[in-house]
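For reference, the chains in residue letters:
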Amino acid sequence: MQTENNLVITTQGDFGIMTLDRAGSLNALSLPMIQGITQQLKAWQADDAVHAVLINSNSPKAFCAGGDIRYLYDSYKNGDVGYQGYFAAEYLMLNTIRSFEKPVVVLLDGYVLGGGFGLAQACHIRVTTEKSRFSMPETAIGYFPDVGATYILSRLGAVGCFMALSGEQISSSDAVYLALVDAHVSSARLAELTDALLAAPQPTKAAITDILSTFASEATESELKAKAASISNHFSYPKLEQIEHSLANETDPAHQAWAQKILGILQQRSLLAKQASLRLQQIGAQLSLAQCMQLERDMQDIWFEHGDLIEGVRALLIDKDKQPKWQTQNAQLEQILDDLFAQVTEVVSA
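Residues numbered from 1 in each chain as written. Predicted model: local features only at pLDDT ≥ 70, side-chain atom pairs only at ≥ 80, totals over all residues. Heavy atoms only, no water.

### A look at the overall build of the chain
Inference 1: Of the regular secondary structure elements, the chain holds 17 helices and 11 strands.
Inference 2: Since a compact globule built from 350 residues should have a radius of gyration of about 20 Å, the 20 Å found for the chain is in line with a globular shape.
Inference 3: Taken over 350 residues, the chain has a buried fraction of 55%.
Inference 4: Accessible surface, the chain as shown: approximately 15,000 Å² in total, 49% of it carbon and sulfur.
Inference 5: Between the averaged position of the 25 positive side-chain charges in the chain and that of its 39 negative side-chain charges there is a distance of 4 Å. (Helix = DSSP H or I, 4+ residues; strand = E, 2+ residues; numbered from the N terminus. Rg over C-alpha atoms; globule rule 2.2 N^0.38 Å. Buried < 20%, exposed > 50% of the residue type's maximum accessible area, 1.4 Å probe, protein only. Areas by Shrake-Rupley, 256 points an atom, 1.4 Å probe, with all protein chains shown as cover. Lys, Arg positive; Asp, Glu negative; His and termini not counted. Charge placed at Lys NZ, Arg CZ, Asp CG, Glu CD.)

### Quick look at the pairing of strand E2 (residues 7-12)
It is a general feature of regular strands that their side chains alternate between the two faces of the sheet.
Inference 1: Bridge analysis of E2 against strand E3 (residues 15-20) gives six bridges, and the strand direction is antiparallel. Looking at the pairing, Leu-7 lines up with Leu-20 of E3.
Inference 2: Joining the antiparallel neighbours E2 and E3 is a turn of two residues, in which Gly-13 adopts a positive phi near 60°. (Pairing = 2+ DSSP bridges.)

### Section: the state of the cysteines
Inference 1: For the structure on display, the rule yields zero disulfides.
Inference 2: Free cysteine Cys-64: the closest other cysteine sulfur is in Cys-123, separated by 11 Å.
Inference 3: Unpaired in terms of disulfides, Cys-161 finds its nearest cysteine sulfur in Cys-292, a separation of 14 Å. (Disulfide = S-S within 2.5 Å.)

### Topic: the pairing of strand E8 (residues 125-128)
Inference 1: Alternating positions in E8 separate into two faces, Ile-125 and Val-127 on one and Arg-126 and Thr-128 on the other, with burial throughout.
Inference 2: When strand E6 (residues 104-108) meets E8, the two strands line up parallel, connected through four bridges. Across the sheet, the residue bridging to Val-105 is Ile-125, located in E8.
Inference 3: With two bridges joining them, E8 and strand E11 (residues 183-184) adopt parallel strand pairing. Considered in E11, the bridge of Thr-128 is made with His-184.

### Concerning the packing of helix H14 (residues 271-284) against helix H15 (residues 289-306)
Inference 1: For the pair H14 and H15, the least separation of the axes is 12 Å and the interaxial angle reads 165°. If you check the angle between H14 and H15, you find them roughly antiparallel. In terms of crossing hand, the pair formed by H14 and H15 is right-handed. Where H14 abuts H15, its residues Leu-272, Ala-273, Ala-276, Leu-280, Ile-283 and Gly-284 lie against Cys-292, Leu-295, Met-299, Trp-303 and His-306. (Axes fitted to C-alpha atoms, helices over the stretch in contact; angles between N-to-C directions. Parallel < 35°, antiparallel > 145°, perpendicular 65-115°, else oblique. Left-handed = near helix turned anticlockwise from the far one by under 90°. Contact = heavy atoms within 4.5 Å.)

### Examining helix H1 (residues 31-45)
Inference 1: Taking 1.5 Å per residue, 15 residues should reach 21 Å; H1 reaches 21 Å between its end C-alpha atoms and fits that length.
Inference 2: Looking at H1, one finds that the buried residues are Leu-31, Met-33, Ile-34, Gly-36, Ile-37, Thr-38, Gln-40, Leu-41 and Trp-44. (Expected span 1.5 Å × (residues − 1).)

### Looking at the packing of helix H6 (residues 158-166) against helix H13 (residues 253-268)
Inference 1: Contact pair H6 / H13: the axes reach a minimum separation of 9 Å and the direction vectors enclose 50°. When the axes of H6 and H13 are compared, the pair comes out oblique. Mapping the contact onto sequence places Phe-162, Leu-165 and Ser-166 in H6 and Trp-258, Ile-262, Ile-265 and Leu-266 in H13.
Inference 2: Tallied by class, the residues present in the contact of H6 with H13 amount to six nonpolar, one polar and no charged. (Nonpolar A, V, L, I, M, F, W, Y, C, P; charged D, E, K, R; others polar.)

### Overview of the side chain of His-306
Inference 1: Topologically, His-306 is positioned in helix H15.
Inference 2: Ignoring any residue separated from it by four or fewer positions in sequence, one finds His-306 in contact with Leu-272, Gln-327, Asn-330, Gln-332, Leu-333 and Ile-336.

### Notes on the UniProt feature "domain: Enoyl-CoA hydratase/isomerase" (unreviewed entry) in the chain
Inference 1: Following the UniProt record, one finds the feature "domain: Enoyl-CoA hydratase/isomerase" (unreviewed entry) at residues 16-331.
Inference 2: Across residues 16-331 one finds 53% helix and 10% strand; the C-alpha atoms that close the span lie 50 Å apart. (UniProt positions renumbered as here; feature names shortened; annotations may be inferred.)

### Section: the pattern of salt bridges
Inference 1: Applying the stated criterion across every chain yields a total of 11 salt bridges.
Inference 2: A salt bridge links Asp-74 to Arg-70, with the shortest nitrogen-to-oxygen separation between them at 3.1 Å. Taken together, the residues Asp-74 and Arg-70, both in helix H2 (residues 69-77) and four residues apart, mark about one turn of the helix.
Inference 3: Asp-74 sits in the partly exposed class, given a relative accessible area of 28%.
Inference 4: The closest approach of N and O atoms between Arg-314 and Asp-319, which form a salt bridge, is 2.8 Å.
Inference 5: Linked by salt bridges that have partners in common, Glu-311, Arg-314, Asp-319 and Asp-321 make up one network. (Salt bridge = Lys/Arg side-chain N within 4 Å of Asp/Glu carboxyl O.)

Following this line, the structure appears as structure tokens:
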């Protein structure tokens, strides 16, 4: 067993096992954790004794609650480029997982948020339990969903737009409904499933899938599925003000309380972040995964200089007043984004 960089690294049977080991921070991904995951995967890729990889968590509350936003804030405020290195390392990690030539299984039990959501989606076989909650909550801190969410959520249509703008958490049942996971297993059987996987000789993707089928449990009815028509009614509009106006004027008594709740959430979010998130969802549906991730990378430096992320983190984690002073407009940012999106649109049209 090797423990460093808040990762516990072991091998058992034909599996390499990486356990996220930063429970006090709900396994928020530090830069050393990100770099450690990438380095270990590269080592296992060349190791003929490792036929598959299992990623799990040591926390009873979370698989991973996101990125290390305090580190990003401190880096930027200190005038260094650590935050740029963080994003570069994170996207290298995601690409390394996706392109890994051996099956990568992830066990999700608890919060799967932000960077944790991106990490989970990069894995080849995603297993959830009824305890899991999924979200891309970036607009709450004045940011936009990244780590591939431009691609992933835009494939979900209006529901993806709803998730990107509101940052609302969805259940494991919702994740099953949206095909964001591959298997649903009772949390009480997760240890037993882990033992079965680790005992499997030469665990191919097909063999792992067969084992999962013997442990699979029926998810409860998806609440998101029941709201799908209403979400589509409100979140299919092309402009933010149309979406918010639609929510404000919901006439169906069965959905009015929900619509008012979501409208209230949106009205607390950064205007700039909402507008950018909406544009990303709209253009993301036309782009490949690689193009989506490059667009996110292009926007990250822009956002630190001109967006609301630093103010959002200040209000949430630094001063903890939870009273962010969002920008009401930013003509320079708007022009930069217009130019960037025009360039992307030209590539798509070519």
